[in-house]
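# Results of the structural survey
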Amino acid sequence: MKKVHTVIFLTLLSLFCQAFMEAKHISPNEIIGIYWSPKKDAKIEIYLKGQQYFGKFIWLATPRKDTKNPAKELQNRDVLGLELLTKFSYNDGVYSGGEIYDPETGKTYACKMNLEGDKLKVRGYIGISLFGRTEYFERIK
């Protein structure tokens, strides 16, 4: 009986490990596409530019200017077309080293992202990712 339990345990452990490993090995370009913002009031296109990933607003429910930007010369620019996600590199399932700009506050944060099925988990933070906030962007099919 003990051998049966051991075989079942090892089989389940093997299946779990295999599923975990498959989930981690996605194509770097799998992130490319169009996503809803968390409030579904904007669409963001994620694309590759050179060797890095970027994201810009391609649709807004309410078009507006970047009035909260701390740089006075940028406060009159349109948010539509604005790159809010910049300079991300892919490494082992995580897109990191980039920044996210929040036009609602005019602030820019360090950021990392990863795919969880059809959702893009976006974590903006200051200093270390422990001090931050996570939002989910839903892929538009």
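Let us look at the structure shown here. Quick caveat: nothing in here was measured; it's all calculated off a predicted structure. (Residues numbered from 1 in each chain as written. Predicted model: local features only at pLDDT ≥ 70, side-chain atom pairs only at ≥ 80, totals over all residues. Heavy atoms only, no water.)

## Here we look at the overall build of the protein chain
Applied cut-off: Runs of E in the DSSP output that reach at least two residues are strands. Runs of H or I that reach at least four are helices, and both are numbered from the N terminus. Relative accessibility under 20% of the residue-type maximum defines a buried residue, over 50% an exposed one, and the middle range a partly exposed one, all with a 1.4 Å probe and only protein chains included. For this analysis, residues touch if any pair of their heavy atoms sits within 4.5 Å. Method for areas: the Shrake-Rupley scheme with a 1.4 Å probe, in which residue coverage is limited to the protein chains shown.
Regarding its fold elements, the protein chain presents 1 helix and 8 strands. Reading the protein chain from its N end, one meets helices and strands in the order α-β-β-β-β-β-β-β-β. Within the protein chain, buried positions represent 28% of all 141 residues. Looking at the protein chain alone, contacts between residues at least 24 apart form 36% of all its contacts between residues at least 6 apart. With an accessible surface of roughly 9300 Å², the protein chain has 59% of that area assigned to carbon and sulfur atoms.

## Topic: the sheet that holds strand 8 (residues 132-139)
Cut-off, in case you're wondering: Pairing between strands is defined by DSSP: at least two bridges between them are needed. Lines fitted to C-alpha atoms define the axes, with helix axes restricted to the stretch in contact, and inter-axis angles between N-to-C directions lie between 0 and 180 degrees.
If you trace the 8 strands once around the closed barrel, you get 1-2-3-4-5-6-7-8, paired in antiparallel fashion. On average, each strand axis in the sheet is inclined to that of its neighbour by 30°, with strand direction left out of account. Pairing between strand 1 (residues 33-36) and strand 2 (residues 42-49): 4 bridges, direction antiparallel. Residue pairing across strands places W36 opposite K43, the latter belonging to strand 2.

## A short note on the layout of surface pockets
For clarity, the threshold we go by: Within this scheme a cavity is a closed region of a 1 Å grid, computed over the protein atoms alone, that accommodates a 1.4 Å probe without allowing it to escape, whereas a pocket is open but has protein on both sides within 12 Å along at least five of seven lines; lining residues each have an atom within 4 Å of a point. Grid points are joined across faces, edges and corners, and a volume is the space filled by probe spheres set on the points. The nonpolar class holds Ala, Val, Leu, Ile, Met, Phe, Trp, Tyr, Cys and Pro. Asp, Glu, Lys and Arg form the charged class, and all remaining residues, Gly among them, are polar.
In this model, the largest pocket occupies a volume close to 600 Å³. P38, I100, D102, R133 and E135 are the residues nearest the centre of the largest pocket, which is lined by 25 residues in total. With 4 residues, the single largest contributor to the lining of the largest pocket is strand 8. Classifying every residue of the lining of the largest pocket gives 15 nonpolar, 3 polar and 7 charged.

## Regarding the pairing of strand 1
Moving residue by residue along a regular strand, the side chains alternate between the two faces of the sheet. Residues of strand 1 alternate between two faces, with G33 and Y35 buried on one and I34 and W36 left unburied on the opposite face. Between strand 1 and the antiparallel strand that follows it, strand 2, lie 5 residues; K40 among them carries a positive phi value of about 60°. Pairing of strand 1 with strand 8, which is carried by 2 bridges, proceeds in the antiparallel orientation. By the bridge assignment for strand 8, W36 is matched with E138.

## Description of the side chain of T86
Along the chain, T86 falls in strand 4 (residues 83-91). What makes T86 buried here is its relative accessible area of 18%. Those residues in contact with T86 that sit more than four places away from it in its chain are Y53, F54, G98 and E99.

## Brief notes about a nonpolar patch on the surface
What counts, and what does not: The residues that make up patches have over 30% relative accessible area and no salt bridge, and they are joined within 9 Å when like-charged or within 5 Å when they are Val, Leu, Ile, Met, Phe, Trp or Tyr. By definition, a salt bridge exists where a carboxyl oxygen of Asp or Glu is found within 4 Å of a side-chain nitrogen of Lys or Arg.
Residues I34, I58 and W59 make up a contiguous nonpolar surface patch of roughly 230 Å² in combined accessible area. By the element assignment, I58 lies in strand 3 (residues 52-60).

## Some remarks on unusual backbone geometry
Despite not being glycine, K87 shows a phi value in the positive range, around 60°. Relative to the helices and strands, K87 is located in strand 4. Phi is positive for D92, close to 55°, though the residue is something other than glycine. Mapping D92 onto the fold places it in the loop between strand 4 and strand 5 (94-102).

## Some thoughts on the nonpolar core
Inclusion rule: In this text, buried Ala, Val, Leu, Ile, Met, Phe, Trp, Tyr and Cys residues form a nonpolar core when linked through side-chain atoms within 4.5 Å.
In this structure, I31, F57, L85, M113 and L120 are the most contacted members of the largest nonpolar core, which totals 22 residues. If sequence neighbours within four positions are ignored, F57 has contacts with A42, K43, I44, V79, L80, G81, L82, L84 and P103.

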